Amino acid sequence: MDVNGTVAEGFEPVREAFAANFETLGERGASVAVYRDGQQVVDLWAGTKDIDGTTPWEHGTAQVVRSATKGTAAAVLLLLHQRGQVDLDAPVGHYWPEFKARGKERVLVRHVLNHRAGLPVLDHPLTPEQALDPLRGPAAVAAQAPVWEPGTDHGYHALTYGWMLDELVRRVTGQGAGEWLAAQITGPLGLDLWLGLPDSEAHRVGRAGRVEGPEPTGGLRVRPKRSVTEAYENPASLTRRAFAAITPFPDQNDPAYRAAALPATNAIATADGLARFYATLIGDTAGASRLFTPETVELARAEESAGPDRVLVVGTRFGLGYMLHGSASPFLAPGSFGHPGRGGALGFADPESEIAFGYVTNGFRKTVTADPRAQRLVRAVRQSLGR
């Protein structure tokens, strides 16, 4: 496999790990980027643009990043808080009165971000067509009763997270999260990252699909413990119901899906766009000042939820809008914060080492949080830092 791009001196292990993913882990097309202290130190790509094609992956090829979207969307709400427009400890219903129905009066804005709202499922799932309507998802969540007392426990809000966040942003700013992100962050910074893909960029996005490979060695495995297997197999479980809030799940290669803005699942990015996004959250980058104050960085990564996850059925850790380093989703170090995408993508920042990381792929595996290809690259970054 010919690996294209550059690595700074000392980061050669990342190139070796990236090549090894193609040799041993079934990678078809992917890219990885790393920033250190605001400067790009890794920018690599290889394979094919489409999972089922022969056109080479190019510099600037982008892919849907699934739930890595959540970390980009969380920045919108945290920046609104940083600017004094949103109170994290206010009830969601303060901004969105219709949300208060059916016992949700005590759901706080922070509960949306830390997965404690008690609303991971919809009793009446949306069709793909309904899900693309920016009003239908929020309306469905507003009509939903919590499945546990809000604030008392946590469970991954796989899809409903996005509708709650989107409507909060819309009620406060008049724009959806994707519009605000483009106007305030990704557009001014020139990031190749979109929540709602413009027609002008559609030609850059490769076709994604499923790939098989050796069983992962960490995170949620292909052969997990029985409780996890049973949760994914049982149609009545919170696990199955959370991921089935849209039924059937949309075709992620559909232009209509890519053009919509679903802040839980469908951002599209290059590895560089994802890595530079996180780099700018924690520090200055070329031509841009940091987005998060030190206080907001601490909000993002201070543990809000930890322990057995009622949806993922493993131990998870969350700050406000971000997964935190742990066994279910290992990042670089204990202080790292970010978000994986189911089956592959990963973006995170580590403020102590001033590292920001982005990985995107066109091949989705069965992993939920800790994809072995991304984890191999993270270990290589750690090795490059002498850890």
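Bear in mind the structure is a predicted one, so any value in this text is a computation, not a measurement.

A.B. asks: Would you mind going over the packing of aromatic side chains with me for this structure?
C.D. replies: Here the distance between the centres and the angle between the planes together describe a pair of aromatic rings. What the rule picks out here adds up to 12 aromatic pairs. Between Tyr156 and Phe243, the aromatic rings sit 6.4 Å apart at their centres with planes inclined by 50°, giving tilted as the arrangement. Of the two residues, Tyr156 is situated in the loop between helix H6 (136–142) and helix H7 (160–173) and Phe243 in helix H10 (residues 238–243); the sequence distance between them amounts to 87 residues. Exposure class is identical for Tyr156 and Phe243. Each is buried. Taken together, a centroid distance of 6.2 Å and an interplanar angle of 70° make the contact between Tyr278 and Tyr322 edge-to-face. Taken together, the positions of Tyr278 in helix H12 (residues 271–282) and Tyr322 in the loop between strand S9 (315–318) and strand S10 (323–324) put the pair 44 residues apart, joining distant regions of the chain. Here the aromatic cluster, defined as three or more aromatic residues joined through ring pairs, consists of Tyr156, Tyr232, Phe243 and Phe318. Over the face of the ring belonging to Phe364 we find Arg66, whose NZ or CZ atom lies 3.8 Å from the ring centre. Between Arg342 and the ring centre of Phe243, over which it is positioned, the NZ or CZ distance is 4.4 Å.

A.B. asks: Sorry if this is basic, but what is going on with the packing of helix H1 (residues 12–24) against helix H14 (residues 372–384) here?
C.D. replies: To characterise two packed helices, one gives the angle between the axes of the helices and the distance between these axes. For the pair H1 and H14, interaxial distance at closest approach is 8 Å and the crossing angle is 160°. The angle between H1 and H14 places the two elements in the roughly antiparallel class. H1 and H14 meet at a crossing whose hand is right-handed. From H1, Pro13, Val14, Ala17, Phe18, Ala20, Asn21 and Thr24 reach across to H14, where they touch Arg373, Arg376, Leu377, Ala380, Val381, Gln383 and Ser384.

Cut-off values and rules
- Residues numbered from 1 in each chain as written.
- Predicted model: local features only at pLDDT ≥ 70, side-chain atom pairs only at ≥ 80, totals over all residues.
- Heavy atoms only, no water.
- Phe/Tyr/Trp six-rings, centres within 6.5 Å; stacked < 30°, edge-to-face > 60°.
- Helix = DSSP H or I, 4+ residues; strand = E, 2+ residues; numbered from the N terminus.
- Buried < 20%, exposed > 50% of the residue type's maximum accessible area, 1.4 Å probe, protein only.
- Lys NZ or Arg CZ within 6 Å of the ring centre and 35° of its normal.
- Axes fitted to C-alpha atoms, helices over the stretch in contact; angles between N-to-C directions.
- Parallel < 35°, antiparallel > 145°, perpendicular 65-115°, else oblique.
- Left-handed = near helix turned anticlockwise from the far one by under 90°.
- Contact = heavy atoms within 4.5 Å.

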